[in-house]
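# Breakdown of the fold
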Amino acid sequence: MWGRAIRGQIGVQEGQQNTHRARIHTAWADKAEEPPRLIGRMELGDGDKLQMYGETLDVEAVASTLNEVRAETVREKAHFDDATPGLTKALKDLLTNTLSLAAMLEASQGVVRSLAMRGLAGVSVGEGRKGGYYVLDVAVRKGAGVGWTFEHAGGAEKLVGEMLANLVDRNLGPAIGKAVVTLLAARRKELMDEGVEEKEWFMLWEDPLKKALRSEELRPRVVNYVLPGMLKPSAECFRMFVQSLGLGEDGNIRSDEDLDLGALLCCLKAGKELDFVGEIGDKNKVFKTSKAPVVRIHSDLVTPLLGHAFSHIRVSAFNLVVQSASITRPFTPGTLSLLKAALPPLHAESDAEVRDLIIGGIRNLIERIACSSYTSEKELKNLQQKLRSGNRPTPDDIRKMVQLDSRVSDAKDFCEWYIGLLETLLRPGSNYQRCITGLRALGFLIRSGVDASLTDRMFTTLPGKGSIASNGKPFKKGLFKWPEFSKEMDIFRPGIKRALLEAMFNPFEDVRAISAEVLQFDPKWDAGNVKSFLERGLQAMNDNGRARDSDGFARTVALIFELSKRGDIAFAENGEMWGFKIDGDLSGLGVVRWILDVLEKEYIGVAVADFQRAVRERPIHGLFTSLLLILETYGSSEEEALAWEVHERIFKSCEEIWRLTKAPLCFDSPEGHVPVNFDEEDEDMTTQTVMSYSWRAVKESSSLLGAILGKASISSLFPTDFERGGKLLLQQLADIRHRGAFSSVSPSFVALCTRCFKSSDPALQELPRTWLRRNLDLIMEKSNAITRRSAGLPYLIMGVLASETDPARPLLSTTFARFVEIATMPASTSQNGEKMDLPQVHALNCLKFLFTDARVSQIVVPFMGKGLELAVSCFGSEIWAIRNCGVMLFTALTNRLFGLRKSRNDYTSGITTRSFFEKFVGVRTVLLKNLQEKVGALEGGDAVSVEMVYPVLSLIARMEVDPEYDGMEEFREPIKQCMRSRIWKVREMAARAFTALVGPKQVVDTISGLMKAGIEKQNVLHGNLCAVRALLERRVRQTVQDELEVGEVWRHIAEVFEGRFGGLVETNVCAVTKAVMLQLLTSHTENLNTNLGLRSCFERYLNHNRTEELATSSTVGRSLLKEHLVAFTLTFQPSKAPDLLKDADEEILLYTINHILSLPKSPLLPTKIIWEIATLHPWNLLRATALTLLRRSPPLSPSEEDFKTILALLQSPPTESIKEAALALLGPIVSALPVESRPNALQILLGELIKAADGDEPYTTRTAALSSLSSLALPLKLKTGADEALIRAYSLVYDLLNDDDDDIRLSAASLAQQILGSEILLLPLTTAEKLTLSLPRYFPVSTVLLQTAISRITGDVTAVESWQKATKKDKILFQREKQNLWVDAVGVVEVWGVVAELVLARGVGKKEIEGLREWVGEGRRLVAERETVDGSVEVTGGWGREEEVVAFLARVRVAAKVVGIV
């Protein structure tokens, strides 16, 4: 197979080559089908004959063929990028054998150097390909000579730097990495053979590697593909490199270095894996495995970096601590202490990708602790055995035994500490980040075997049951050998067990799912407690009907089912739960029957009798979900136990709930439908509650039905169940108008169709085909119901097509043909406003769904060309609905072909015109026909013509030019006509499409030709200038790459602009085209400004009178001209900024300020003029921007009156933008006020900032508050004797460090860094704790600090108010989300409790402490009263699990500790 493939790639066919060529090509090609060991023997025989596979070949003919194959191979190196792994290997083998044969013919050096030159092609301009890098790698290995290669490429440093820079393409990573490492390794060997010092080799790659490592984009790929191989050859070079990155001899950072911490940490981690780096803080140990100098790391280097604000640095630091060259190497006690301090904030990562990296590090940490402690205990036992045998212990033996015992003890203590940490992470009220990270870590810890009592359960509880090792013993991935202390570990302690059970009712689904999974490992259960927990969950579900409570109840039922099956719990004979009998048999059927009894008699029964009551009090979806979890989670043995009677009951329940909910779901506007017999005065009975009850019930019941039909054994189903279930699902998909409902039914229909197709029963196999025919008929039957993207019709049809198992896909082919047939039917027009029948809309919607469905993404590729043709043909329809569907289909196909655009003006792609039109031949004809037929009607403003032409132009604009492809010539004239259109948007899009007609070498001449357009035809000129703009953006870079002379290309372009500047700018009266011309000059300042003649044109033009210039320009586009004139002026003469700010024209002022704000650095500005605009100008938009500019360039010596002026704008703002701009400006003003005026102004400002930083305020307002506060960093810096009035400011910083937004937290951390005087920017969570705990040191006897701490503990309200807020019943359908999902309410109370204790320890605050004592007493009384009514707060799943209650209990507990109440 591969032989034929390669022969096709290199153009070899028998009969077309001479005998010798054919033999060699065939041998190499066929060799790709054989394993490497069957390559055969190739050797030179007597004379000029070559023996190959038993054939005698003429050497001259072989050499000729060699050159041909070499050339063909190099030409085909692009195939490496698109080839499958098998073909890639075959191409590599072919190239390797080519070079091997070259070596035999003594043509090796010439051949390989030629290949090396070809491999280098494209590297310098970032266009290297996999094949090129592989060719370069092989050529060097085969003797091209690295020194020669470096010399040919312009030097080693240049080549290595360019190759590393090309790692920006992740697909090239492995190929580039291998090539770079090969080059440098070979060069090192050459230098060593020549007797050159190793330092010279080090200098070849030092600077390029540094540069690459300092790039955030390149660093991960450099670390993965290059760094280990580059550092491995020499430990001494590794030492020099990390020291050049800023590492001192003492293992700490050299303070005088401008270092990149991320680069240094990555190198240290790589060095540690290579055993070049010692353990952190270990000053004495030199490892036996080390054969080179060890680089030591001081703990002071790593400690702050583990809490660094930037995720890549703290992750790298964590990996550096955890990684080791040997998995059995123990952690030092100092390292374990360091980890204990670092791990809590690392479990609160907000970024999902960073969380994955942290979890990976935790896995490595647990594995190393397990392996190192087990090895230490084993070694300790060996020594003890030695002593028991009568040998006298030496001092080294005793010392070693103590050391080993200490290591095991340290590991045990760490594991116990870590389990305790996980318990705190899982407590109710913890944010999502802590919960999910803690759960994932807990699951891994359990599977590691640290708790020996759970080991057996791991082989029986979860799927997989373990695997069998070569010695016949079972094992499970992730299970390690632990010391004896694993028998004493108890992971499922009461606190963790309660936290896990209550986490099954967490608002986040993945938290609920992982909690339920982890609980299955626990072997110890009490039936009474489980029963009570389930009943409380059922009651919670009934009370509010929220998804989290229903799902939590369902997962609890599934857990009880599993526990019952395993025999971990047993229900009493004739036992009951919630008034219904439950049997505790080992099959689990008793639990299933209990669910069905509750479902039928209590929930469906209530819905039949009183649907209103069912909606309000009996949300049914949780019961369906519980049955679904039981069916989906457990294997075939349970399926046999679920007898057909159970399935029959489920079928009837699904049919009944569909009958009850059909009316609201199938209404044309389901979101607003309430059945007519509902009580209108019932405030709880809204359209939202009815719709939620209905679609959730149908969603879960259909999912349950799909699970039975898709997975249940045939013996447990009636023969008619498949047709019966299919009929129900078809009805739902065909009739439901609620998008969420029919999209949730679709997976069940797919599962049913898949089961039928895979069945050996011909009758079942035929069912999906019957359904498909029926679904296609529905397109015609429902042709008058075309809203909601055809509702469920596309799901009905895709359900069958996605499930088809025949590789030929006959159903897909015939269905596609039917879609096209319907879509191209003549459409009937509306008569007297009647509703039209438009089956074409359904067909087009189904086609769009077909091309965007991931399940058939590769299968539908052959149909995409026809789909594009159809979409474009719809643009000309007289009916808007068909045109609209055509545009949606067209957009879906172009996004599929070219990818989603990164921005609105991004039209780049990697698909050339040749590749596109050769792949989709018919599309070219349709596009060209549309353009040619409709372009003439554009001048008349025909809307239909615009709708047809514009998408065609946008499609062509997405393509890249192929200079060798002549198929675009016919498009040139229509596109140029569109560039002259009277419609602005058409001209702009045509200009973008025009770039697909211009090759890189034609750019300069094309631009010159376009710029020759005169000003007498402004539409033509505008279209041409837009085309010049597109060419400068998309084609000039390619021209530069081809020409390799950047200055030469831009010199020609600048000459063109110089020649046309006078006619297109100075004498042009059209504001639009003049503005575009100025925009072009401004955008390419750096490249055009070197032309002296053009610069003199700029200076001459800028000396014109601006007012006169604008007055003589056309009214149309004058605002656009003002904007670009301002940008042009400030770009080429920034000194004119003050002059522009004095202009009387409001738009000039606005554009000037906006442009200055867009600059990275503001020029010198007249503050007084800006102040007048900000405070006196009548245009509020201009005032807001002026205030923003003043924030960047505030008054140097503001007065108290100035402060009051801006404060008035803040307190009585005309607009919200002025309020936020004034707020941000007040900070710089206060910091610059006279010393005597500053304290009072600061307190006023802090009051405003505290209100603005509240979590309920918008993001922009909170950002403005932080910006204002950041201006006060210098006066806020903590120092001895600081004014306690500033405590309010520090408290505000603490709030901002716990803001819900990541960016605000990070900016607040930067402010706190200045306040604390830290050298390193720390994680906001770490910074918040550090800042808070620093306050008692600087304000040791401050009653203000104590009052602040007490206010934080109590929530600044009475105990009664706090209790009422915590226990307020909330029955709204969807839980109202907290404004701040990040802050840990319990953690806040605890840290401020420590602050209060530290201040009280100084003997102050007696009055305050008495008030807190009363608060504690009142809080305890309230809790006790509730406990007498609803039971203990400690009951799992009881009223104490609510987040607000947990926070209140924490307040009481911490406050009691502060005042000394036990």
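Bear in mind that the values here come from a model prediction, so they are computed numbers and not experimental data. (Residues numbered from 1 in each chain as written. Predicted model: local features only at pLDDT ≥ 70, side-chain atom pairs only at ≥ 80, totals over all residues. Heavy atoms only, no water.)

This paragraph deals with the overall build of the protein. The helix and strand inventory of the protein stands at 71 helices and seven strands. Put simply, the protein has 1462 residues, and 54% of those count as buried. Intrachain contacts of the protein at a sequence separation of at least 6 include 73% that bridge at least 24 residues. When the accessible surface of the protein is totalled, it reaches about 63,700 Å², and 51% of it is carbon and sulfur. (Helix = DSSP H or I, 4+ residues; strand = E, 2+ residues; numbered from the N terminus. Buried < 20%, exposed > 50% of the residue type's maximum accessible area, 1.4 Å probe, protein only. Contact = heavy atoms within 4.5 Å. Areas by Shrake-Rupley, 256 points an atom, 1.4 Å probe, with all protein chains shown as cover.)

Glancing now at the packing of aromatic side chains. For the structure shown, the criterion picks out 34 aromatic pairs. Here the aromatic rings of Trp1415 and Phe1448 are separated by 5.9 Å at their centres, their planes lie at 40°, and the arrangement is tilted. Taken together, the residues span a long stretch of sequence, with Trp1415 in helix α70 (residues 1406-1430) and Phe1448 in helix α71 (residues 1443-1459) at a distance of 33 residues. Using a relative accessible area of 8% as the deciding quantity, one classes Trp1415 as buried. For Phe1448, a relative accessible area of 1% corresponds to the buried category. Ring pairing ties together the aromatic residues Phe898, Phe916, Phe917, Phe920 and Phe971, which thus form one cluster. Against the face of Tyr603 rests Arg618, its NZ or CZ located 5.8 Å from the ring centre. (Phe/Tyr/Trp six-rings, centres within 6.5 Å; stacked < 30°, edge-to-face > 60°. Lys NZ or Arg CZ within 6 Å of the ring centre and 35° of its normal.)

Here helix α60 (residues 1216-1232) is 17 residues long and its end C-alpha atoms lie 25 Å apart, about the 24 Å a rise of 1.5 Å per residue gives. Of all the bends in α60, the greatest reaches close to 25° and is centred on Leu1226; the proline Pro1228 follows between one and four positions later. In terms of burial, α60 is largely enclosed, as 12 of its 17 residues are buried. Every buried residue belonging to α60 is among Ile1218, Glu1220, Ala1221, Ala1222, Leu1223, Ala1224, Leu1225, Leu1226, Gly1227, Pro1228, Ile1229 and Val1230, and all of these are buried. (Expected span 1.5 Å × (residues − 1). Bend = angle between axes of the 7 residues up to and from the residue.)

Our focus in this paragraph is the environment of Cys435. In this fold, Cys435 is placed in helix α21 (residues 432-448). Sequence separation between Cys435 and Glu423 is 12 residues, and the spatial gap between their C-alpha atoms is 9.7 Å. For Cys435, the contacting residues outside a window of four places in its chain are Leu425, Leu426, Ser430, Asn506 and Val511.

As enumerated under the stated definition, the model contains 70 salt bridges in all. With its nearest N and O atoms 2.8 Å apart, the salt bridge here joins Arg649 to Asp597. Residue Arg649 is found in helix α31 (residues 644-666), and its partner Asp597 is found in helix α27 (residues 589-609); the two are separated by 52 residues along the sequence. Here Arg649 falls in the partly exposed class, since its relative accessible area comes to 22%. Among the residues examined, Asp597 registers a relative accessible area of 15% and is labelled buried. A salt bridge links Lys699 to Glu700; the nearest nitrogen and oxygen atoms lie 3.0 Å apart. The class of Lys699 is partly exposed, set by a relative accessible area of 27%. When salt bridges with common partners are traced through the structure, they connect Glu377, Lys381, Glu484 and Lys487 into a single cluster. (Salt bridge = Lys/Arg side-chain N within 4 Å of Asp/Glu carboxyl O.)

What follows covers unusual backbone geometry. The phi dihedral of Asp275 falls on the positive side, at around 70°, and the residue is not glycine. Considering the arrangement of structural elements, one finds Asp275 in the loop between α15 (261-273) and α16 (299-305). Residue class for Asp275 comes out buried when judged on its relative accessible area of 7%. Here the phi dihedral of Arg809 falls at roughly 50°; this positive angle occurs in a residue that is not glycine.

A few words on the nonpolar core. As a rule of thumb, soluble globular proteins bury nonpolar side chains together. Grouped together as the largest cluster of nonpolar side chains are 416 residues, with contacts concentrated most on Ile975 and Phe1057. At 12 residues, α27 tops the list of elements feeding residues into this core. Of all hydrophobic cores here, the second largest spans 11 residues; its members include Ala1359, Val1433, Trp1439 and Phe1448. (Core = buried A, V, L, I, M, F, W, Y, C linked by side-chain atoms within 4.5 Å.)

Attention now goes to the packing of helix α9 (residues 156-165) against helix α11 (residues 198-213). Look at α9 against α11: their axes get within 8 Å of each other, and the N-to-C directions meet at 25°. Judged on the interaxial angle alone, α11 and α9 are roughly parallel. Taken as a pair, α9 and α11 cross one another with a handedness that is right-handed. Where α9 abuts α11, its residues Ala156, Glu157, Val160, Gly161 and Leu164 lie against Leu204, Asp207, Pro208, Leu209 and Ala212. (Axes fitted to C-alpha atoms, helices over the stretch in contact; angles between N-to-C directions. Parallel < 35°, antiparallel > 145°, perpendicular 65-115°, else oblique. Left-handed = near helix turned anticlockwise from the far one by under 90°.)

Moving on to the side chain of Ser803. Positionally, Ser803 belongs in the loop between α36 (793-801) and α37 (810-823). Among the polar contacts listed, one links the side chain of Ser803 to the backbone oxygen of Val750, at a separation of 3.2 Å. With residues up to four places along the chain from it excluded, the contact list for Ser803 reads Val750, Cys753, Thr754 and Phe757. (Polar contact = N/O pair within 3.5 Å; in protein donor to acceptor, adjacent residues only side chain to side chain.)

A surface patch of nonpolar side chains, about 210 Å² in accessible area, is lined by Leu1333, Val1394 and Leu1398. Checked against the element boundaries, Val1394 lands in helix α69 (residues 1385-1400). (Patch = residues over 30% accessible without salt bridge, like charges linked within 9 Å, V, L, I, M, F, W, Y side chains within 5 Å.)

What follows covers the packing of helix α26 (residues 547-566) against α27. With their axes 8 Å apart at the nearest point, α26 and α27 run at an angle of 150° to one another. Considering their axes alone, α26 and α27 lie roughly antiparallel with respect to each other. Facing Phe553, Val557, Ile560, Phe561 and Ser564 of α26, the residues of α27 in contact are Val591, Val592, Trp594 and Ile595. A per-class count over the contact of α26 with α27 returns eight nonpolar, one polar and no charged. (Nonpolar A, V, L, I, M, F, W, Y, C, P; charged D, E, K, R; others polar.)

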